[in-house]
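The chain contents come next:
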Amino acid sequence: LEAASKKVVELAGSYGFALNPSARVEDLSVGEEQRVEILKALYRGAELLILDEPTAVLTPQESAELFQNLRRLRDAGRTVVFISHKLDEVMAVADRITVLRRGRNVATVAKAKTTQGELARMMIGQDLPQPAAAGDREAGPPVLRLEAVEAADDRGLPALGGVELEVRAGEILGLAGVAGNGQLALAEVVVGLRSLSGGRVLFEGQDVSRWSIPRRIAAGIGYCPENRLRQGVAPALSIAENLIAKSYRRAPVAGRFFLNRRGARRAAEELAKRFDIRGADLDAPVVSLSGGNVQKVVLAREISADPRLLIAAQPTRGLDVGAAEATRRLLVEQRNAGRAVLVISEDLDELVRISDRVAVIYEGRIMGTFRAHEADEEEIGLLMAGRAA
């Protein structure tokens, strides 16, 4: 064990990894855990490292440190394959860039001879749409208010500890945090999937803490979960059936006693056209669609129900550049239509870009709230790691 510890210390020192070999992994931060994984591969003599979306659970500071460590590995003669859909990260760390589209190699280019715009065009096959942007108009009254909300996770451990938060009509509130810090529990508490152990959830002034899920939906709460296939759609049902899942009780989808199949089909076709859902016939199973089109199905269904509050968790995770931008534009359109929008994302750049305000959550507590255009990403990154700036 002593010899192994010595070798780990030497490896960590040679690549600039600040780690204590005697520390328990359960006590490490996510960024430190990732360094352990990389050192474990190096300890075994790996010459090739493959990192798939390695920054998804890191703060901005931890991401910057990771990039620095990867450059050291490259300079030491190791080969690193860095897989990411974030173009700024690719440009920051790569020497050569290969673009894949629909499983095919579109091109391999030197970083010095390309730009983010060119990479985006190669990824989606066309120019990137104009970026979504938050507006300058004043937000309306609070639609959602959380007062001292407490809840436990699936193991019975505290997930939310006295959360105070509000989302106003005509604004996007971005919730920033490293994965596993209470974001999922917060969304589930609002939509009724998780019970409170303390505090209140107020929706348009009414205490909905004990309301059933159908009652919250009928009141105007929409939810796009992060796991689209498991929670966002019914995989065995068709695209059309998923699209009308929140409108089957209303005309023209609802008949006098049974579903109006002609009206349902027409409504599904209109939604597919409006939200540009492509890739399969409406009678095909929804799982036959790409990730971006599944997300469009979820958004189309939720938006067509005319919610007063729309919650979108990790709305662009796993999407290509074009689908991600289309999703952001839909969220901004909902804000511009006067709806309250809560966007939960681990992508801080995305939140700052489309939100009016950004709140930071750490270990189930809100660490601070900022106007997005005034946000200091370094300060937010420190708060995401539980440290004051």
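Report on the accompanying structure. (Residues numbered from 1 in each chain as written. Predicted model: local features only at pLDDT ≥ 70, side-chain atom pairs only at ≥ 80, totals over all residues. Heavy atoms only, no water.)

Let's talk about unusual backbone geometry
- If you check the backbone angles, Asp276 has positive phi at about 55° while not being a glycine.
- Residue Asp276 is classed as partly exposed on the basis of its relative accessible area of 33%.
- Although it is not a glycine, Asp306 adopts a positive phi angle of roughly 55°.
- Relative to the elements of secondary structure, Asp306 occurs in the loop between helix H11 (291–304) and strand S11 (309–313). (Buried < 20%, exposed > 50% of the residue type's maximum accessible area, 1.4 Å probe, protein only. Helix = DSSP H or I, 4+ residues; strand = E, 2+ residues; numbered from the N terminus.)

Some points on the sheet that holds strand S12 (residues 340–345)
- Strand order in the open sheet made by the six strands is S10-S11-S12-S7-S13-S14, with mixed pairing throughout. Each edge of the sheet is formed by a strand with only one pairing partner; in this case those strands are strand S10 (221–224) and strand S14 (365–371). Averaged over all adjacent pairs, the angle separating strand axes in this sheet is 20°, with direction ignored.
- Sitting on the sheet, helix H6 (residues 183–191) touches strand S7 (171–176), S10, S11, S12 and strand S13 (357–362), and the angle it makes with S10 is about 145°.
- Taken strand by strand, H11 contacts S10 and S11, and its axis lies near 180° from that of S10. (Pairing = 2+ DSSP bridges. Axes fitted to C-alpha atoms, helices over the stretch in contact; angles between N-to-C directions. Contact = heavy atoms within 4.5 Å.)

Description of empty space enclosed by the protein
- Counted by the stated rule, this structure contains two cavities of 30 Å³ or more.
- If you go around the second largest cavity, the residues you meet are Ile217, Gly220, Ile221, Gly222, Lys246, Glu302, Ala305, Asp306 and Pro307.
- Classifying every residue of the lining of the second largest cavity gives four nonpolar, two polar and three charged. (1 Å grid on protein atoms, 1.4 Å probe; cavity = no way out; pocket = protein on both sides within 12 Å on 5 of 7 lines; lining within 4 Å. Points joined across faces, edges and corners; volume = space filled by probe spheres on them. Nonpolar A, V, L, I, M, F, W, Y, C, P; charged D, E, K, R; others polar.)

Some points on H11
- With 14 residues, H11 should reach 20 Å at 1.5 Å per residue; the first-to-last C-alpha distance of 20 Å fits that figure.
- Judged by how many residues are buried, H11 sits mostly within the fold: 12 of 14 residues are covered.
- Inspection of H11 places Gly292, Asn293, Val294, Gln295, Lys296, Val297, Val298, Leu299, Ala300, Arg301, Glu302 and Ile303 among the buried residues, and these make up the whole buried set.
- As for H11, its buried residues are in contact with S10, helix H8 (228–232), helix H9 (239–243), helix H10 (261–274), S11 and helix H12 (321–336).
- Directly beyond the C-terminal end of H11, a positive phi value near 55° is found at Asp306. (Expected span 1.5 Å × (residues − 1).)

Points about the environment of Asp306
- You can call Asp306 exposed: its relative accessible area is 51%.
- With 86 residues separating them in the primary sequence, Asp306 and Gly220 have C-alpha atoms 6.9 Å apart.

What to know about the layout of surface pockets
- Approximately 930 Å³ is the volume found for the second largest pocket.
- The wall of the second largest pocket is formed by 40 residues, among which Val178, Ala179, Gly180, Asn181 and Glu363 lie closest to the centre.
- Listing elements by their share of the lining of the second largest pocket, those giving two or more residues are helix H2 (30–43), helix H3 (60–75), strand S6 (158–168) and H6.
- When residues of the lining of the second largest pocket are assigned to their parent elements, the largest contribution, five residues, is made by H2.
- By residue class, the composition of the lining of the second largest pocket is 14 nonpolar, 10 polar and 16 charged.

Here's the deal with the pattern of salt bridges
- The final tally for this structure, using the stated rule, is 25 salt bridges.
- Among the salt bridges present, the one from Arg155 reaches Asp153, with a minimum N-O distance of 3.1 Å.
- When the shortest N-O distance is used, the salt bridge between Glu302 and Arg301 registers 2.9 Å. Side by side, Glu302 and Arg301 carry an identical accessibility label, which is buried. (Salt bridge = Lys/Arg side-chain N within 4 Å of Asp/Glu carboxyl O.)

Re the environment of Asn181
- Relative to the helices and strands, Asn181 resides in the loop between S7 and H6.
- Separated by 183 residues in sequence, Asn181 and Gly364 place their C-alpha atoms 5.5 Å apart.
- If we ignore the near neighbours within four places in the chain, the residues touching Asn181 are Ala159, Ile361, Tyr362, Glu363 and Gly364.
- From its side chain, Asn181 meets the backbone oxygen of Val178 in a polar contact 2.9 Å long. (Polar contact = N/O pair within 3.5 Å; in protein donor to acceptor, adjacent residues only side chain to side chain.)

A word on a negative patch on the surface
- A contiguous patch of negative charge on the surface is contributed by Asp88, Asp349, Asp376, Glu377 and Glu378.
- Mapped onto the elements of the fold, Glu378 is located in helix H14 (residues 377–384). (Patch = residues over 30% accessible without salt bridge, like charges linked within 9 Å, V, L, I, M, F, W, Y side chains within 5 Å. Areas by Shrake-Rupley, 256 points an atom, 1.4 Å probe, with all protein chains shown as cover. Lys, Arg positive; Asp, Glu negative; His and termini not counted. Charge placed at Lys NZ, Arg CZ, Asp CG, Glu CD.)

Details of the pairing of S6
- Where strand S5 (residues 142–152) meets S6, eight bridges bridge the pair, whose relative direction is antiparallel. Of the residues in S6, the one forming a bridge with Arg145 is Glu166.
- Counting the residues that bridge the hairpin from S5 to S6 gives five residues, and of these Gly156 lies at a positive phi of roughly 85°.

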